[in-house]
Amino acid sequence: MRDRGNQSGLGVAAAGLLVFAALAGAAPAPAGDAGVVAAGASPPRAYRWVALPRVVPSPPENPANPAKLALGRRLFNDPRLSRDGTVSCASCHDVARGAGDDARPTAVGVGRQRGARNTPTVWNAGFLSVLFWDGRAASLEAQAQAPILNPVEMGLPSGHEAVRRVSAVAAYRTAFRDAFGDGRISFARIAQAIAAYERSLVTADAPYDRFVRGDAGALDAAQLRGMALFESIGCVRCHAGPMFSDASALTGGNPLRIFPANHASMAAPLGLLADRGANRATAGPGVWRVPSLRNVALTAPYFHNGAVADLHQAVRLMAATQLDVALAGEAPRAHYWLSATQVLRRRGRAQLSARDVDDIVAFLHALSGEALCARVRAREPGPASVAIDTETGPAGAHRCGVVTPATQRTIGDQEP
Ligand code: HEC
Ligand code: HEC
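All values reported here derive from a predicted model rather than from experimental measurement.

K.L.:
Explain the site of ligand 2 to me, please; I cannot follow it from the model alone.
P.N.:
Neighbouring residues of ligand 2: 25 residues in total, closest Cys-235, Cys-238, Tyr-302, Phe-303 and Met-318. Contributing elements (two or more residues each) for the shell around ligand 2: β1 (256-259) and α12 (311-323). Classifying every residue of the shell around ligand 2 gives 18 nonpolar, 5 polar and 2 charged.

K.L.:
Sorry if this is basic, but what is going on with the environment of Val-202 here?
P.N.:
Position of Val-202 relative to the elements: it lies in the loop between α8 (187-198) and α9 (207-212). Owing to 19 C-beta atoms within 10 Å, Val-202 belongs among the partly exposed residues under this scheme. A C-alpha to C-alpha distance of 7.8 Å links Val-202 and Val-56, two positions 146 residues apart in sequence. The residues touching Val-202, leaving out its near neighbours within four places in the chain, are Arg-54, Val-56 and Asn-124.

K.L.:
When you look at unusual backbone geometry in this model, what are you seeing that I'm missing?
P.N.:
A negative phi angle is the norm for most residues apart from glycine, just as the trans form is the norm for most peptide bonds. Note that the residue after Phe-259, namely Pro-260, is joined by a cis bond; omega there is -5 degrees. Relative to the helices and strands, Pro-260 is located in the loop between β1 and α11 (264-267). Each neighbour pair has its own omega, and for Ala-300 with Pro-301 the value is -5 degrees, a cis peptide bond. Positionally, Pro-301 belongs in the loop between β2 (286-289) and α12. Positive phi values are uncommon outside glycine, yet Arg-112 reaches one of about 55 degrees.

K.L.:
Would you take a moment to explain the pairing of strand β5 (residues 343-348) for this structure?
P.N.:
Consecutive residues of a regular strand have side chains that alternate between opposite faces of the sheet. Sparse coverage of β5 is indicated by the burial of 0 of its 6 residues. By the bridge criterion, 6 bridges tie strand β4 (residues 333-338) to β5 in an arrangement that is antiparallel. Counterpart to Trp-337 in the pairing with β5 is Leu-344. Following β4, the chain reverses through 4 residues before pairing antiparallel with β5; Gln-342 in that reversal takes a positive phi of roughly 55 degrees.

K.L.:
Looking at this structure, I do not really get the packing of helix α5 (residues 140-149) against α8. What am I missing?
P.N.:
In a pair of packed helices, the angle between the axes and the distance between the axes together describe the arrangement. Look at α5 against α8: their axes get within 8 Å of each other, and the N-to-C directions meet at 115 degrees. Between α5 and α8, the angle falls in the class roughly perpendicular. The handedness of the crossing between α5 and α8 is right-handed. Of α8, the residues touching α5 (which contributes Leu-140, Glu-141, Ala-144 and Gln-145) are Phe-187, Ala-191, Gln-192, Ile-194, Ala-195 and Glu-198. Looking at side-chain class alone, the contact of α5 with α8 contains 6 nonpolar, 2 polar and 2 charged residues.

What counts as what
Residues numbered from 1 in each chain as written. Chains lettered and ligands numbered in written order. Predicted model: local features only at pLDDT ≥ 70, side-chain atom pairs only at ≥ 80, totals over all residues. Near = placed C-beta within 6 Å. Helix = DSSP H or I, 4+ residues; strand = E, 2+ residues; numbered from the N terminus. Nonpolar A, V, L, I, M, F, W, Y, C, P; charged D, E, K, R; others polar. Buried ≥ 20, exposed ≤ 12 C-beta atoms within 10 Å, placed from the backbone. Contact = placed C-beta atoms within 7 Å. Pairing = 2+ DSSP bridges. Axes fitted to C-alpha atoms, helices over the stretch in contact; angles between N-to-C directions. Parallel < 35°, antiparallel > 145°, perpendicular 65-115°, else oblique. Left-handed = near helix turned anticlockwise from the far one by under 90°.

Dropping the structure here:
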């Protein structure tokens, strides 16, 4: 919990709300909530903003070396690992030309089968403590075997089949010897090589990183204001630390949280209640791994089912469902009926204006790695393809570290 801070004010209010939810029997008590409540009780400390390390540490059982990394890259791009030879990891995680994802709402695998979940980026995945939307894989090594065997992704019948196919290629036999010291090819080693390669996929060159490393001009005024809001309204309660996710060893928070925690009626029309992630009980809301927000401006559409294309909408949904923040046009106060105790509570809520949302989105753009962002943007055919950012303002604003022209905005501006 090193990087945890300022939990006063809204933190306490939100903790109260979760208590309410439990009293009303609306929510199970998944592991996710203990962290929130406990954090609210700790003494307030200034939140520390930290840059992303440039290197992902390797686990002792899978030390990295250049030969292993090269082998992993080759395997990652090899469609041999799919049933009909058409799909590689890179088909969905486009690292060479895309943002490490597929830009689709949900993934498409062998035989053009559509999966149920959105493809997360593999960039910086090495810093995540648990993988998949529901956090069911504990390491990149464990994760890498799953898609090869998943019938709607790559669809091989067994790990043996993967080994058979890879062993048939002479160049692979040499590459395994160079990477592992002997030429034995196993399904576990295939996954180890891929994981070693994935650990090399780091974007530590975001404007945010430059800013916290000392370049005071790396963020513009709107982005700074968005950064302050991201802290003050409580996004950092879950998206903390340099990965902007509690599902990271860099932060040590609680990786799983209830979603949606409030106002489920906003998430229902988006189909976000159908899949309940890590909540395996028969009732209650979904429980999801807190995703990283690194490169989030480049990885639309959003959420586990890819139902939200616009980052502004994603921010509004998060503010309302995860923090019970009032949106523009909504009453900043709310009443809560605690049915179990027959108590009516009234309390103030933080409120976000349309400009606040713009500023948070501007800040999220500052989390895009500059080299990655420039490459992804260069491939976009024209302004039409950046429709997801129409509310951000003039073309080019907040993209790829481009700082908008000076505005009158400063931190601490009051809304009229
Ligand atoms: C058909 C598309 C598809 C293919 C092929 C595919 N993936 Fe994925 N990948 C996904 C989807 C969808 C998820 C999320 C699934 C979930 O959470 O249930 C995912 C999740 C991941 C994650 C976790 C990221 C995170 O933030 O938790 C990693 C790492 C990953 N894939 C690596 C790989 C590797 C390595 C391969 C090849 C061995 C591969 N993927 C093949 C679609 C694909
Ligand atoms: C209580 C924990 C919590 C808080 C607070 C929270 N989030 Fe989230 N956030 C999550 C979880 C969990 C998800 C994944 C939801 C899903 O798709 O199932 C998520 C998803 C997101 C996504 C979509 C990421 C993607 O790749 O699809 C964005 C963007 C986001 N959050 C931004 C924010 C912002 C901005 C705030 C503050 C207004 C915030 N979050 C507050 C837990 C939280």
